[in-house]
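# Fold and contact review
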Amino acid sequence: MKDRKKEMGLTNLRVSICLLICFAITGVLSSASDHRYKAGDPVPLYANKVGPFHNPSETYRYFDLPFCSPEHINEKSEALGEVLNGDRLVEAPYKLDFRVDLDSKQVCKKKLSKDDVAKFRSAVTKDYYFQMYYDDLPLWGFVGKVEREGKTDASEFKYFLYRHIHFEVQFNGNRVIEVSARTDTDAVADVTEDKEIEVEFLYSVKWKETPIPFERRMEKYSQASALPHHLEIHWFSIINSCVTVLLLTGFLATILMRVLKNDFVKYAHDEEAADEQEETGWKYIHGDVFRYPQNKSLLAACVGSGTQLFALAIFIFVLALVGVFYPYNRGALFTALVVIYALTSGIAGYVATNFYCQLEGTNWVRNLILTGCLFCGPLFLTFCFLNTVAIIYSATAALPFGTILVILLIWTLVTFPLLVLGGIAGKNSKVEFQAPTRTTKYPREIPPLPWYRGPVPQMVMAGFLPFSAIYIELYYIFASVWGHRIYTIYSILFIVFIILIIVTAFITVSLTYFQLAAEDHEWWWRAFLCGGSTGLFIYGYCWYYYYARSDMSGFMQTSFFFGYMACVCYGFFLMLGTVGFRAALVFVRHIYRSIKCE
């Protein structure tokens, strides 16, 4: 009866998770616009944000700069992912009715005060850009320009504000296909000096017909990352990674298989003449290799959280490969991350509690709480600090109280209950730890080992090989997340992810064997740390990218970059550590099951 209830509970949990994931995918897909218009119909144009071009996290509301603003600013209602993405859409002061051409139409004539002029000059100095959405199509432009004229002294530069925007819109039948904004470099206002000036803001609209169908209107943005020379670089990266990985892993596999084969033959011979020769190598520690590790509750929590993050990555890749994350589908990725992480918390609870009970742990409730806080805790503390910084800067990255409340409700009503349900299911499964050898009462002493067999050198060796397989692709991902490049080649990224998983598993297994061969039986934590060490290499790459490959600057952008990348790399550490540990556990069970030990 209990088994039947347990099976029904697990079935209901799986059905609930599947339904909620389908709901999340439907919500993300439904955000696409498919409006049809007649000539003269108003088409929605929303101003989104402004900010320094080289600081993608430092963005502000469009009307934080003293542009022409209507009497009543109408804000567009936004989804959770859009708010998390820093989008704050408001109705723009420009009217672009369907198929209505305009020539130098006045938006307003505005008298700028000294403070307004100083704001615009500061924006021009920092290369501010603006972003708008017209029928859900993005368009950008710069606020102004700096004329240096060969001068090196910044006090002699001239600063100009663009006051005329040319909109070019392409249509097919009754649908908008493409839009672009071009600023008139001749129609400018001088904002070099702090003095009141009167500026007339203008805009023009030109409509053109195009044969491009509506279904292909987003290809313009996705093709940017699929140009031939970009694809060549990506494929060269993959081929380079595959060749390097195959050579190194093949070399290690050959050595490992040959050594293992010799070990099996040697130990089989030793069994026939057990009295003549004493046991050595990894068979010598058969009575200690399955001795439960220290801090087993923390290890179980790490494995549970890592399994959840691995499942999250797989779901995100599935959504990406089916085309959900097309360019500028505002907030789709953030919505998917929040929803799927909440729904997969049951996996973390089940895996952690199940493994903890296998290790004969008794306080499973504390283990469950530790699992729930292991990743969310550092992420929440980082968010609190960075959100405070964003509030001080009055940036759009600062989440409103309502959004924070929604996230807390999701955690309280979805994440935590599923975590508890998964933990209860894991506790009631009562699967015993399958150790092929018996553990002795007292542990053997580990012999002195050279320095390069210590945890830190082993982690360096374990992290370098997987990182070398992905570092080229990392640049494109960073340039997309922390820049203005578009990344849409998810199939290549998925191949790189598979290579990363395989190499991590193999290198961890190899190092675990060499550790056991040196008669060091404390492999549990070492396997996890070696597998997760690639996350530390990725964080090291963050420093290189920030100082050598980007132009980011300022306290807010720096804190956002290193703060959130620390959380991402920590997630990689947990996920890849789990992959390495699971591979090592399967390997250790296999080799000790293949020999007879008394």
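Residues numbered from 1 in each chain as written. Predicted model: local features only at pLDDT ≥ 70, side-chain atom pairs only at ≥ 80, totals over all residues. Heavy atoms only, no water.

## So, the overall build of the protein
- Counting its secondary structure elements, the protein contains 14 helices and twelve strands.
- Per-residue burial for the protein yields a buried fraction of 48% across its 598 residues.
- Expressed as a percentage of contacts within the protein between residues at least 6 apart in sequence, the contacts between residues at least 24 apart total 80%.
- About 29700 Å² of surface is accessible on the protein, with carbon and sulfur atoms providing 61% of the total. (Helix = DSSP H or I, 4+ residues; strand = E, 2+ residues; numbered from the N terminus. Buried < 20%, exposed > 50% of the residue type's maximum accessible area, 1.4 Å probe, protein only. Contact = heavy atoms within 4.5 Å. Areas by Shrake-Rupley, 256 points an atom, 1.4 Å probe, with all protein chains shown as cover.)

## Some points on the packing of aromatic side chains
- Per the stated rule, a full pass over the model turns up 53 aromatic pairs.
- For the ring pair Y513 and F587, a centre distance of 6.5 Å and an interplane angle of 80° mean the geometry is edge-to-face. Of this pair, Y513 sits in helix α12 (residues 490-517) while F587 sits in helix α14 (residues 555-593), placing them 74 residues apart in sequence. Neither Y513 nor F587 differs from the other in exposure class; each is buried.
- Over the aromatic face of Y46 sits the side chain of K76, whose NZ or CZ is 6.0 Å from the ring centroid.
- Above the plane of the ring of F214 lies R175, whose end atom (NZ or CZ) is 4.3 Å from the centre. (Phe/Tyr/Trp six-rings, centres within 6.5 Å; stacked < 30°, edge-to-face > 60°. Lys NZ or Arg CZ within 6 Å of the ring centre and 35° of its normal.)

## Topic: the pattern of salt bridges
- In this structure the tally under the stated criterion is 13 salt bridges.
- The shortest N-O distance in the salt bridge between D135 and R217 comes to 3.1 Å. With D135 in the loop between β5 (128-134) and β6 (137-142) and R217 in the loop between β12 (197-209) and α4 (219-222), this pair connects stretches of sequence that are 82 residues apart. Considered together, D135 and R217 belong to a single accessibility category, that of buried residues.
- D520 is the salt-bridge partner of R526, the closest N and O atoms lying 3.6 Å from each other.
- Looking at R526, the relative accessible area reads 12%, which means it is buried.
- The buried category is assigned to D520, whose relative accessible area is 6%.
- Each member of the salt-bridge network shares a partner with another, and the members are D288, R291 and R444. (Salt bridge = Lys/Arg side-chain N within 4 Å of Asp/Glu carboxyl O.)

## Observations concerning the sheet that holds strand β4 (residues 102-112)
- Within the open sheet, the four strands sit side by side as β4-β12-β9-β10. Their pairing is mixed. In this open sheet, the two strands that pair with only one neighbour each are β4 and β10 (175-183). On average, each strand axis in the sheet is tilted by 20° relative to the strand beside it, whichever way the strands run.
- Judged from the eight bridges that link them, strand β9 (residues 164-172) and β10 form a sheet pairing that is antiparallel. When the sheet's bridge partners are listed, F171 is paired in β10 with V176.
- Seen against the sheet, helix α3 (residues 114-125) touches β4 and β12 and runs at an angle of roughly 125° to β4. (Pairing = 2+ DSSP bridges. Axes fitted to C-alpha atoms, helices over the stretch in contact; angles between N-to-C directions.)

## Some remarks on α3
- A rise of 1.5 Å per residue sets the reference length of α3, with its twelve residues, at 16 Å; its end C-alpha atoms lie 16 Å apart and thus fit the reference within 8%.
- Among all positions of α3, only D116, V117, F120, R121, A123 and V124 are buried. Buried residues in α3, looked at end-on, bunch into an arc of 160°, giving them a common side.
- Residues of α3 that are buried sit in contact with β4, β5, β7 (144-147), β8 (158-162) and β12.
- At the exit of α3 stands D127, carrying a positive phi of roughly 60°. (Expected span 1.5 Å × (residues − 1). Arc of directions from axis to C-beta.)

## Some points on the nonpolar core
- In terms of nonpolar packing, the biggest core is built from 90 residues, with F325, F478, L516, W523, F561, F581 and Y592 touching the most fellow members.
- In terms of residue count, α14 provides more of this core than any other element does, 17 residues in total.
- When sequence neighbours within four positions are dropped, the list of residues in contact with Y592 reads W282, K283, I285, H286, V289, F290, P436, T437 and L516.
- Ranked by size, the runner-up nonpolar core spans 55 residues in total, among them L45, F120, L386 and F560. (Core = buried A, V, L, I, M, F, W, Y, C linked by side-chain atoms within 4.5 Å.)

## Here we look at the state of the cysteines
- In total, this model carries one disulfide according to the counting rule given.
- Covalently, C68 is tied to C108 through a disulfide, its sulfur atoms 1.7 Å apart. Across the S-S bond of C68 and C108 the torsion is about -70°, and the bridge reads as left-handed. You can see C68 sitting in the loop between β2 (60-61) and α2 (80-84) and its partner C108 sitting in strand β4, a full 40 residues away along the chain.
- Exposure remark for C108: the relative accessible area of 18% places this residue in the buried category.
- The thiol of C542 is unpaired, and the distance to the nearest cysteine sulfur, on C569, comes to 4.3 Å. (Disulfide = S-S within 2.5 Å.)

## Topic: the sheet that holds strand β11 (residues 188-190)
- Ordered in space as β7-β8-β11, the three strands form an open sheet in which the pairing is antiparallel. Whereas interior strands pair on both sides, the edge strands pair on one side only; in this sheet they are β7 and β11. The sheet shows a mean angle of 30° between the axes of neighbouring strands, taken without regard to direction.
- Bridging between β7 and β8 involves four bridges; their strand directions are antiparallel. Paired with K145 across the two strands is F160, which belongs to β8.

## Focus: unusual backbone geometry
- Phi is positive for N295, which is not a glycine, with a value near 55°.
- Checked against the element boundaries, N295 lands in the loop between α5 (228-272) and α6 (296-321).
- The backbone phi angle of E360 is positive, close to 65°, even though this residue is not glycine.
- With respect to the element layout, E360 can be found in the loop between α8 (345-358) and α9 (364-393).

## Brief notes about the confidence of the model for the protein
- Residues at a pLDDT of 70 or more form 87% of the protein, whose mean pLDDT is 86.
- Between residues 4-32, whose pLDDT stays under 50, and residues either more than four places distant or in other chains, the model counts 21 contacts.
- Taken together, the stretch residues 274-278 has pLDDT below 50 and engages in three contacts with residues farther than four places along the chain or on a different chain. (pLDDT = per-residue confidence, 0-100.)

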